[in-house]
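The lines below spell out each chain.
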Amino acid sequence: MLRLSYHHCVILIHQARCRDFQTGQPIDDVIDDGHRINFQILIDASRSILIYLEKALPVLAHECFWVIIFYPMTAISTIFSVALLDSRSDPENERLKLLQGFTQLIRQIPVKRLTVAEISHLEFIEEVLESILDSVPPWGYPDLAHPFHVLNPRAELVYATPIGGESPLDTVSVELFKDDPVCKDFLENHESVWKNTLKLSDVAGRASEFDVIFYPGGHGPMVDLVHDEHSRSLLRDFHSQDKIVSAVCHGPAAFVNATTASGVLILKGKQVTGFDDVGEEMFKFTDDMDFSLEKRLSEASGGKYVKADEGPLAEKVVVDGKMITVQNPASIVQGCR
């Protein structure tokens, strides 16, 4: 337990340093590079606790229950504190990955005998962590259901997400497409597709094994894939190997920061489409978005963003070389063909 105590002390020391803010000013105005170094040390110490406990768990006795719980909960509260103090985005989903790791760890603790109070506390911990993990950005329901319906009989499909495991459905799209027979079949009979995804890091560097990379929509890509280093690596490799890259609706957000092997944006000079600003406003999504997808796609492509003349729900598929982009769910089947 000495290593755990050491990392716990590191956390306490740097938590104290991070509390040393000037009062009366917005937090973002007083966080400097020194504070951010402390934040990273806190995250690193939390990660060390997780790694050590994962390895030690099989040999720990069940009598250690509260000792074991203490360290993960310290780390969890630390990650919360960092998220609250540092309002910057978490582009690599580092904090979320750690929280998910601690969730899995707590569930694996070899407990044989618990009091009613201990069971209650453990259930509370799981509820809190579940609510955190529910904040993972979702993917669009029809954006994967329809491509699956078209492609599954014809190809071997592999599914990957930034943190692996279960990828949350966009509940809004589930309601909107509840009467769609393809979506209904996908939801009822193919849940393993989104509940057992690989980590993107597991497939990074393996572009040679695949023919096509496809990004479904939903708001998830606007939050995580737009920054994800493994996604950008895959796109770079697919581009270098002259393979098809494709995306639907908000999925093209994954392209806006991706570059070629020479460092040029892969969208530069490419005609591209994606969910437009009119559509965002129609569904009242504008205020929830970190940026305008239409604007970013236009900037990255050099003004070559296009959309359906008939409106945000009309069909629009754009093919430019080995890049295929689809404006909205209504265009998915056409795009898959």
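Residues numbered from 1 in each chain as written. Predicted model: local features only at pLDDT ≥ 70, side-chain atom pairs only at ≥ 80, totals over all residues. Heavy atoms only, no water.

A tally of helices and strands in the protein yields 16 helices and six strands. Counting over 337 residues, the protein shows a buried share of 45%. Within the protein, counting contacts between residues at least 6 apart in sequence, those at least 24 apart form 75% of the total. For the protein, the exposed surface amounts to about 17,300 Å²; the carbon and sulfur share of it is 53%. (Helix = DSSP H or I, 4+ residues; strand = E, 2+ residues; numbered from the N terminus. Buried < 20%, exposed > 50% of the residue type's maximum accessible area, 1.4 Å probe, protein only. Contact = heavy atoms within 4.5 Å. Areas by Shrake-Rupley, 256 points an atom, 1.4 Å probe, with all protein chains shown as cover.)

Let us now look at the packing of aromatic side chains. Applying the stated criterion across every chain yields a total of five aromatic pairs. When the ring of Tyr 215 is compared with that of Phe 255, the centres are 5.8 Å apart and the planes differ by 90°; the resulting orientation is edge-to-face. Here Phe 255 lies in the loop between strand S4 (244–248) and helix H14 (277–282) and Tyr 215 lies in strand S3 (residues 212–215), a separation of 40 residues in the sequence. In this structure Tyr 215 comes out as buried when scored by relative accessible area, which is 4%. An aromatic cluster is built from Phe 148, Phe 186 and Trp 194, whose rings are joined through pairwise contacts. Between the NZ or CZ atom of Arg 296 and the centre of the ring of Phe 291, over which it lies, the distance is 4.7 Å. (Phe/Tyr/Trp six-rings, centres within 6.5 Å; stacked < 30°, edge-to-face > 60°. Lys NZ or Arg CZ within 6 Å of the ring centre and 35° of its normal.)

With 34 residues, the main nonpolar core has Tyr 215, Leu 235, Phe 255 and Leu 267 as its most contacted residues. Among the elements of the structure, helix H11 (200–203), S3, helix H13 (229–240), S4, helix H15 (293–301) and strand S6 (323–326) are those that each provide at least two residues to this core. Once you skip the residues sitting within four places of it in the chain, Tyr 215 turns out to touch Leu 225, Ser 231, Leu 235, Ser 246, Ala 247, Val 248, Gly 251, Ala 254 and Phe 255. Counting residues in each nonpolar core, the second largest holds 15 residues, with Leu 42, Ala 75, Val 82 and Leu 98 among its members. (Core = buried A, V, L, I, M, F, W, Y, C linked by side-chain atoms within 4.5 Å.)

What follows is about a negative patch on the surface. Negative charge collects at one region of the surface, where Asp 277, Glu 281, Asp 287 and Asp 288 lie side by side. Relative to the elements of secondary structure, Asp 287 occurs in the loop between H14 and H15. A relative accessible area of 77% places Asp 287 in the exposed class. (Patch = residues over 30% accessible without salt bridge, like charges linked within 9 Å, V, L, I, M, F, W, Y side chains within 5 Å. Salt bridge = Lys/Arg side-chain N within 4 Å of Asp/Glu carboxyl O. Lys, Arg positive; Asp, Glu negative; His and termini not counted. Charge placed at Lys NZ, Arg CZ, Asp CG, Glu CD.)

Next up on the list: the environment of Phe 39. Within the fold, Phe 39 resides in helix H3 (residues 33–56). Between the C-alpha atoms of Phe 39 and Val 82, which are 43 residues apart in sequence, the distance is 6.1 Å.

What follows covers the confidence of the model for the protein. Atom-level detail of predicted coordinates should not be read off regions where pLDDT is low. Of the residues in the protein, 71% reach a pLDDT of 70 or more, and the chain-wide mean stands at 79. Within the model, the stretch residues 20–30 combines pLDDT values under 50 with eleven contacts to residues more than four positions away or in other chains. (pLDDT = per-residue confidence, 0-100.)

Let's shift gears to unusual backbone geometry. Excluding glycine, a negative phi dihedral is what most residues carry, and trans is how most peptide bonds are arranged. One non-glycine residue with positive phi stands out, namely Cys 249, at about 60°. Along the polypeptide, Cys 249 turns up in the loop between S4 and H14.

Let us look at the pairing of S6. Going residue by residue along S6, you find Met 323 and Thr 325 tucked away on one face and Ile 324 and Val 326 tucked away on the opposite face as well. Here strand S5 (residues 317–320) hands over to S6 after two residues, with Gly 321 in that stretch at a positive phi of 65°. (Pairing = 2+ DSSP bridges.)

Looking at helix H9 (residues 181–189), one finds that the buried residues are Val 182, Cys 183 and Phe 186. All buried residues of H9 lie within an arc of 100° about the axis, which places them on one face of the element. Across H9 from its buried face, at more than 90 degrees, point the exposed residues Pro 181 and Glu 188. The secondary structure elements touched by the buried residues of H9 are helix H7 (141–151) and helix H10 (192–195). At the N-terminal boundary of H9, the capping side chain belongs to Asp 180, with an oxygen 2.9 Å from the backbone nitrogen of Val 182. (Arc of directions from axis to C-beta. Polar contact = N/O pair within 3.5 Å; in protein donor to acceptor, adjacent residues only side chain to side chain.)

Moving on, we get to the packing of H7 against H9. Running from amino to carboxyl end, H7 crosses H9 at an angle of 90°, the nearest separation of the two axes being 9 Å. Taken as axis vectors, H7 and H9 run roughly perpendicular relative to one another. Across the interface between the two elements, Tyr 141, Pro 142, Leu 144, Ala 145, His 146, Phe 148 and His 149 from H7 touch Val 182, Cys 183, Lys 184, Phe 186 and Leu 187 from H9. Of the residues assigned to the contact of H7 with H9, the class counts are nine nonpolar, two polar and one charged. (Axes fitted to C-alpha atoms, helices over the stretch in contact; angles between N-to-C directions. Parallel < 35°, antiparallel > 145°, perpendicular 65-115°, else oblique. Nonpolar A, V, L, I, M, F, W, Y, C, P; charged D, E, K, R; others polar.)

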